Amino acid sequence: MTVAEPDVGEVRVQTIATSDDVVRARQLARNLAVECRLSLVDQTKLVTAASELARNTLVYGGGGSLSGALVQDARRRGVRLTFTDQGPGIPDVDLALSDGWSSGSGMGLGLSGARRLADDFDLRTTVGAGTTVTVIKWTH
Amino acid sequence: MEGGSGPGKNEVAVKLGSSDHLLGLMTTRRDELAAAWIEVVSQTLAGRISRAELDQELHELYAALVEALRAGGLDASGEHYTEVRALLAELSRNRARQGFRPAETAVSLFALKRGLERLLDDGSADDVAAYLALSRLTDELGMFTVDSFAASREQIISSQAEELLELSTPVVKLWDGVIGVPLVGTLDSARTQVVMEKLLQELVDTGSAHAIIDITGVPAVDTEVAQHLLKTVVAARLMGAECIVSGIRPQIAQTIVALGIEFGDIVTKATLADALRHALRRSAQRAALSVGDAA
Ligand SMILES: Nc1ncnc2c1ncn2[C@@H]1O[C@H](COP(=O)(O)OP(=O)(O)OP(=O)(O)O)[C@@H](O)[C@H]1O
Ligand SMILES: [Mg+2]
């Protein structure tokens, strides 16, 4: 999967260091979704995915940031959200992406759920170096 | 500066650490200095605090400063300044509560220097030493004032946030034996927790058998919110009560499904009215059952 879509709008960055920042990350996702004129269902899906990924960035990644931008390919517009942290990384990606598995006390549905909620999903992680998750939601 | 018959340059340096002349000035020219100080402060506050209030506040502070200077010299963080610091903390608290800016608060102290300036027209070495001593004092106390102002602001903001949290989560009695809580706005973990605890408490207090959680006003339900909801439903069940979740809009329903959250055997209804109807039917059934038991 390619996530190197050309940017349309400027890249907006939100630091994720506190639980208030998770709310702000969600707001940034919603603003972009509205600007992109995603349907109400897709807006809600993107915002929910953002909420999950932002919380993972905070809780497991030890904090990081969200970069969001409007993107465009030949056929459609979209919103791209990239969550980055310099945390411990994910040793077993398949396990982390399986429904119901949590290393903590969560439901273990955030990461796998975010993948289902987004159209494109890209996860890069290095143990000891950090994790970057990129999602895109396209207009149909 | 004219040297004249006054002390030379070296003597000024010696006197820098001394507060004697400052104390002398503040005692002998008390009325003049205090009046000049209050004058400057009242100009900057532009009538937002009554003159009488300001008079009292600053006179008290002035008296405390003189006392502290006499006993503790320029050691503003020392024990002799306890009273001064307490008064400044109180002043900061009041200013914060009244909505003043930090600069407007600190000026109450710094203006003392402007007051002193007015008295020092001849600029003798003694006067310079006094001015520098006061400068040093107000610098240190000014920092303290700004710090306590910031602490007060933070306290005010966090207590307002708590109040808002309480205000925005009303648990209402919908019917005999049925309570409801409409959730509105973004649900963070703290808020969801408050709502849920309140709901459970209200179940106990009213002896209700049914609780309706209406999420019509919630823009998104993620795993965290869902987990709080599920925990509440289970806790209510342990208390012998039934929770109904209403107001699940189409976009929320689709998101919950995509996330993979299962609500299991929790009763969900499209609208609050449907939920209330369900609750009433159930309590009618219970009533019929208990009548049957009694017969
Ligand atoms: N950024 C990250 N850095 C390190 N580990 C992560 C990161 N994101 C996810 N993980 C790991 O993947 C697991 C699964 O994540 P997922 O979001 O699916 O579940 P969860 O956060 O535990 O629970 P919830 O359902 O509440 O989201 C986590 O428990 C954690 O161990
Ligand atoms: Mg998660």
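Position numbers for residues start from 1 in each chain and track the written sequence from start to end. Following the order in which they are written, the chains are lettered starting with A and the ligands numbered starting with 1. With pLDDT at 70 or above as the cut-off, local features in this predicted model cover only qualifying residues; side-chain atom pairs require 80 or more to be listed or tallied, and sums for whole chains, interfaces and linings still use all residues. Calculated side-chain values reflect all of the structure's heavy atoms, with hydrogen atoms and water omitted.

(A) Spatial organisation of the overall build of chain A. Helical segments are the DSSP runs of H or I of at least four residues, strand segments are the runs of E of at least two, and each set is numbered from the N terminus. In terms of helices and strands, chain A carries four helices and five strands. Secondary structure elements of chain A occur, N-terminal to C-terminal, as β-α-α-β-β-α-α-β-β. Pairs at least 24 residues apart make up 64% of the contacts formed inside chain A by residues separated by at least 6 positions. Per element, the accessible surface of chain A, about 6,300 Å² overall, is 50% carbon and sulfur. Note on contacts: a residue pair qualifies if any of its non-hydrogen atoms lie within 4.5 Å across the two residues. Computed with the Shrake-Rupley method and a 1.4 Å probe, the accessible areas treat only the protein chains shown as cover for residues.

(B) The overall build of chain B, seen in detail. The number of helices and strands found in chain B is 11 helices and five strands. Expressed as a percentage of the 295 residues in chain B, the buried residues total 44%. Accessible surface computed for chain B: about 14,900 Å², of which carbon and sulfur atoms make up 55%. Under the scheme applied here, a residue whose accessible area is under 20% of the maximum for its type counts as buried, over 50% as exposed, and between as partly exposed, the area being computed with a 1.4 Å probe on protein chains only.

(C) Spotlight on the interface of chain A and chain B. Counting residues at the interface gives 21 residues for chain A, matched by 20 residues for chain B. Two parts placed together each lose some accessible area; with a 1.4 Å probe, that loss summed over both constitutes the buried area. The junction of chain A with chain B conceals about 1,600 Å² of combined surface from both sides, 59% of it contributed by carbon and sulfur atoms. Between Lys or Arg on one side and Asp or Glu on the other, a salt bridge is scored when a side-chain nitrogen of the former is within 4 Å of a carboxyl oxygen of the latter. Linking chain A to chain B there are three salt bridges. Between Asp222(B) and Arg55(A) there is a salt bridge, with the nearest N and O atoms lying 2.5 Å from each other. Polar contact is the term for a pair of N or O atoms within 3.5 Å; when the atoms are in protein, one must be able to donate a hydrogen and the other to accept it, and sequence-neighboring residues count only if both atoms are side-chain atoms. The tally of links between chain A and chain B comes to seven residue pairs in polar contact (both at pLDDT 80 or more).

(D) How the structure looks around the packing of helix 3 (residues 30-45) of chain B against helix 6 (residues 102-119) of chain B. Residues and elements named next belong to chain B. It is the contact of helix 3 with helix 6, at a shortest axis distance of 8 Å, that shows an interaxial angle of 135°. Between helix 3 and helix 6, the interaxial angle falls into the category oblique. Helix-helix and strand crossings are classified by hand; for helix 3 and helix 6 the assignment is right-handed. The residues of helix 6 that touch helix 3, namely those facing Glu-32, Leu-33, Ala-36, Trp-37, Glu-39, Val-40, Val-41, Thr-44 and Leu-45, are Glu-104, Val-107, Ser-108, Leu-109, Ala-111, Leu-112, Arg-114, Gly-115, Leu-116, Arg-118 and Leu-119. Residues are sorted three ways: Asp, Glu, Lys and Arg are charged, Ala, Val, Leu, Ile, Met, Phe, Trp, Tyr, Cys and Pro are nonpolar, and all the rest, Gly among them, are polar. Counted by class, the contact of helix 3 with helix 6 contains 12 nonpolar, three polar and five charged residues. Axis angles are defined between N-to-C directions and span 0 to 180 degrees, where every axis is a line fitted to C-alpha atoms and, for a helix, only to the segment in contact. Working rule for angles: under 35 degrees goes down as roughly parallel, over 145 as roughly antiparallel, 65 to 115 as roughly perpendicular, anything else as oblique. Crossing chirality is assigned from the near helix's rotation relative to the far helix, an anticlockwise turn below a right angle marking it left-handed and a clockwise turn marking it right-handed.

(E) Fine view of helix 9 (residues 223-238) of chain B. With 16 residues, helix 9 of chain B should reach 22 Å at 1.5 Å per residue; the first-to-last C-alpha distance of 22 Å fits that figure. At the C-terminal side of helix 9 of chain B, Gly240(B) shows a positive phi close to 85°. A helix is expected to span 1.5 Å multiplied by its residue count minus one.

(F) Quick look at the sheet that holds strand 5 (residues 267-269) of chain B. Residue and element names in this part refer to chain B. Only strands that DSSP links by at least two bridges are regarded as paired with each other. Read across the open sheet, the five strands follow the order 1-2-3-4-5; overall the sheet is mixed. Each edge of the open sheet carries a strand with a single partner, namely strand 1 (172-175) and strand 5. Neighbouring strand axes in the sheet, compared pairwise and without regard to direction, differ in orientation by 30° on average. The pairing of strand 3 (residues 210-217) with strand 4 (residues 242-246) spans five bridges and is parallel.

(G) Highlighting the sheet that holds strand 1 (residues 12-16) of chain A. Residue and element names in this part refer to chain A. Taken in spatial order, the five strands line up as 1-2-3-5-4 in an open sheet, and their pairing is antiparallel. With one partner strand each, in any of the chains shown, strand 1 and strand 4 (120-126) form the two edges of the open sheet. Taking the axes of each pair of neighbouring strands and ignoring which way they run, one obtains an average angle of 15° across the sheet. Where strand 1 and strand 2 (residues 64-72) come together, five bridges link them in antiparallel fashion. Each residue of the ladder has a partner; that of Gln-14, found in strand 2, is Leu-66. Docked against the sheet, helix 1 (residues 19-35) engages strand 1, strand 2 and strand 3 (77-85), running at close to 160° with respect to strand 1.

(H) Local environment of the site of ligand 1. Taken together, 20 residues sit near ligand 1, with Asn56(A), Tyr60(A), Ser102(A), Ser103(A) and Leu109(A) positioned nearest. Proximity is defined per residue: if any heavy atom of the residue lies within 4 Å of a molecule or strand, that residue is considered near it. Nearby residues around ligand 1 are contributed by chains A and B. At 2.5 Å, a side-chain N or O of Ser102(A) approaches an oxygen atom of ligand 1. In the model, an oxygen atom of ligand 1 is placed 2.5 Å from a nitrogen or oxygen of the Ser103(A) side chain. Here ligand 1 has 590 Å² of accessible area as a free molecule, and 93% of this is covered by the chains. The definitions used throughout rest on a 1 Å grid laid over the protein atoms alone, on which a cavity is an enclosed set of points accommodating a 1.4 Å probe that cannot get out and a pocket is an open set flanked by protein within 12 Å on both sides along at least five of seven lines; lining residues are those having an atom within 4 Å of a point. Being in a pocket or cavity means that more than half of the molecule's atoms lie within 2 Å of its grid points. Among the cavities detected, the one that contains ligand 1 is the largest pocket. Going through the elements one at a time, helix 2 (40-59) and helix 4 (110-117) of chain A are the ones with two or more residues in the shell around ligand 1. Split into classes, the residues belonging to the shell around ligand 1 amount to seven nonpolar, 11 polar and two charged.

(I) Structural detail: helix 1 of chain A. Residues and elements named next belong to chain A. The end-to-end C-alpha separation of helix 1 is 25 Å, in line with the 24 Å expected for 17 residues at 1.5 Å each. Contacts made by the buried residues of helix 1 are with strand 1, helix 2, strand 2 and strand 3. Its side-chain oxygen placed 3.3 Å from the backbone nitrogen of Asp-20, Thr-18 serves as the N-cap of helix 1. One or two steps after helix 1, the chain reaches Arg-37, where phi turns positive at roughly 60°.

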